[in-house]
Amino acid sequence: MNDIHDLGGMHGFGPVEREEHEPVFHAPWERTVLAMMRVGQANAFNLDEFRHAIERMDPAAYLASSYYERWLAAIERLYVEKGVVTAEELAVRTRYFQEHPEAQATDLVTPRPVARPSQPGDPRTLFRREGTAPPKFKPGDRVIARNIHPRGHTRLPRYVRGKRGVVERCHGVFVFPDTNAHGLGEQPQPVYSVRFEAVELWGEHADGRGAVNLDLWESYLLPA
Amino acid sequence: MGKNHPNVEPYIVSRVRALESLLMEKGLLGPDTVDRIVSRYENDTGPLIGARAVARAWVDPDYKRLLLTDSQAALAVFGLTNYDVLVVVENTPRVHNLVVCTLCSCYPWPVLGLPPTWYKSPAYRSRAVLEPRALLREFGLEIPPEREVRVWDSSAELRYMVLPMRPPGSEGMTEEELLPHITRDALVGVAEVRLPSSIAAGRPA
């Protein structure tokens, strides 16, 4: 999607604001949201669907929301779409807690212990797959990032589309997010680290000697 | 966040409680699920695994080679096993590295903990690739024109950590002495490791 989440190279957001001695969470509800996302990832949706659900937020709402507010919007949507909860019961329940601000989740239901796999065994390693076909590109190959504008989920940022780069290494084979986010299967393919010179990306606005490396799936790339 | 829009918070809290109670009802959330998932990020206040790896790399050339070429094996030394997606990029007098995720906020949680809010902000995500030098200047880091700035946009499932340069004045310091000076910011690439002048001055240059 050509959407607001694809922020690379945009102007107008001002200086980076930092918080001294920042706490891990700013409010107790944030930790609950993090846990409910992990539980969803283990039981109801994959990480690509989750990222795409964030991308499907209204662009203005995306920018107005904090990180965990975006997570909440995404998991509400996915738990409903996956049929774990209905939109109606969520709305009714939300209204109840708005009318009873002192009530806790456990006032309405006594949670039962759940089996251990309430979070993915190892979310970090879930996306590597065994290679199927040999990689099409090798280090040193010149490539062009395709100029494509899919309406669905993609991990090819706009700022690199149509730009020329050089393959630096092949990272192995990974699940393809563009299909995995849409129930179209994992369709694993090689991922490459591709170096794009700053002048290639930004022309005369490049702020000096440098480059950006992106990790790109094979089908994002054409030989140059 | 309450600070930005104070009237939103109660509504958010109701939505979170609603989903939480429904997931409990459906048997997906147990009495201790939230604490079990989240506690390790809240309670793990010791030095980051990433910092431990850097301190070791500074004193042990073989370990440094391992960290740069087989990070999974290098991290296993500090008890982090099966983490097979970390790429460690080395700062040198010729190259400064900076890590970002422009599309969301990908970050190497197991080695650096949860990301700070600034890392997830539109300002950082938009500018790190376009004007890294201007950005770094705001963080107090002036990169000379002849030194290349390499930005790593975490656009896939690989995760990045910077191996900073060992600070001047640290010659002869042990791994344990170096460790407290290795900050998260240096491992993301928005800072360099610097010794307080009291320490650096007390040592032969």
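About the thresholds
Residues numbered from 1 in each chain as written. Chains lettered and ligands numbered in written order. Predicted model: local features only at pLDDT ≥ 70, side-chain atom pairs only at ≥ 80, totals over all residues. Heavy atoms only, no water. Contact = heavy atoms within 4.5 Å. Salt bridge = Lys/Arg side-chain N within 4 Å of Asp/Glu carboxyl O. Nonpolar A, V, L, I, M, F, W, Y, C, P; charged D, E, K, R; others polar. Core = buried A, V, L, I, M, F, W, Y, C linked by side-chain atoms within 4.5 Å. Buried < 20%, exposed > 50% of the residue type's maximum accessible area, 1.4 Å probe, protein only. pLDDT = per-residue confidence, 0-100. Axes fitted to C-alpha atoms, helices over the stretch in contact; angles between N-to-C directions. Helix = DSSP H or I, 4+ residues; strand = E, 2+ residues; numbered from the N terminus. Parallel < 35°, antiparallel > 145°, perpendicular 65-115°, else oblique. Left-handed = near helix turned anticlockwise from the far one by under 90°. Phe/Tyr/Trp six-rings, centres within 6.5 Å; stacked < 30°, edge-to-face > 60°. Lys, Arg positive; Asp, Glu negative; His and termini not counted.

A. Fine view of the interface of chain A and chain B. Listed as interface residues are 96 residues of chain A and, on the opposing side, 86 residues of chain B. Remark: the boundary between chain A and chain B carries 9 salt bridges. Notably, a salt bridge pairs Arg-93 of chain A with Glu-25 of chain B, separated by 2.8 Å at the nearest N-O pair. Each residue belonging to the side of chain A that touches chain B can be placed in one class, and the counts come to 48 nonpolar, 22 polar and 26 charged.

B. Fine view of the nonpolar core. By size, the foremost hydrophobic cluster in this structure holds 134 residues, and its most contacted members are Phe-50, Trp-71, Ile-75 and Tyr-79 of chain A together with Tyr-124 of chain B. Filtering out sequence-adjacent residues up to four positions away, Phe-50 of chain A remains in contact with Met-37, Phe-45, Trp-71, Ala-74, Ile-75 and Leu-78 of chain A.

C. Layout of the confidence of the model for chain B. Scored by pLDDT, chain B comes out at a mean of 92, with 93% of its residues at no less than 70. This prediction of the complex comes with two scores: 0.94 for pTM and 0.95 for ipTM.

D. Local environment of the packing of helix H1 (residues 28-43) of chain A against helix H2 (residues 33-43) of chain B. The geometry of H1 of chain A relative to H2 of chain B is characterised by a closest axis approach of 9 Å and an angle of 110° between their N-to-C directions. For the element pair H1 of chain A / H2 of chain B, the angle class is roughly perpendicular. Classified by chirality, the crossing of H2 of chain B by H1 of chain A is right-handed. Mapping the contact onto sequence places Arg-31, Thr-32, Leu-34, Ala-35, Arg-38 and Val-39 of chain A in H1 of chain A and Thr-33, Val-34, Asp-35, Ile-37, Val-38, Tyr-41 and Glu-42 of chain B in H2 of chain B.

E. How the structure looks around the packing of aromatic side chains. Under the criterion given, the structure shown has 23 aromatic pairs over all chains. Arranged with centres 6.3 Å apart and planes meeting at 10°, the rings of Trp-71 of chain A and Trp-109 of chain B form a pair that is stacked. Here Trp-109 of chain B lies in helix H6 (residues 109-112) and Trp-71 of chain A lies in helix H4 (residues 67-81), a pairing that spans two chains. On the basis of relative accessible area, Trp-71 of chain A is assigned to the buried category, the value being 7%.

F. Looking closely at the packing of H1 of chain A against helix H1 (residues 9-25) of chain B. Relative orientation of the contacting elements H1 of chain A and H1 of chain B amounts to 40°, with a least axis distance of 10 Å. Compared by their axis directions, H1 of chain A and H1 of chain B come out oblique. Crossing hand, H1 of chain A versus H1 of chain B: left-handed. Side by side, H1 of chain A and H1 of chain B meet where Trp-29, Thr-32, Val-33 and Met-36 of chain A of the first sit next to Glu-9, Ile-12, Val-13, Val-16, Leu-19, Glu-20 and Leu-23 of chain B of the second. Here the contact of H1 of chain A with H1 of chain B is built from residues that sort into 8 nonpolar, 1 polar and 2 charged.

G. Quick peek at the side chain of Glu-30 of chain A. Relative to the helices and strands, Glu-30 of chain A resides in helix H1. Buried within the structure, Glu-30 of chain A lacks any salt-bridge partner; Lys-120 of chain B is the closest side chain of opposite charge, at an N-O distance of 6.6 Å.

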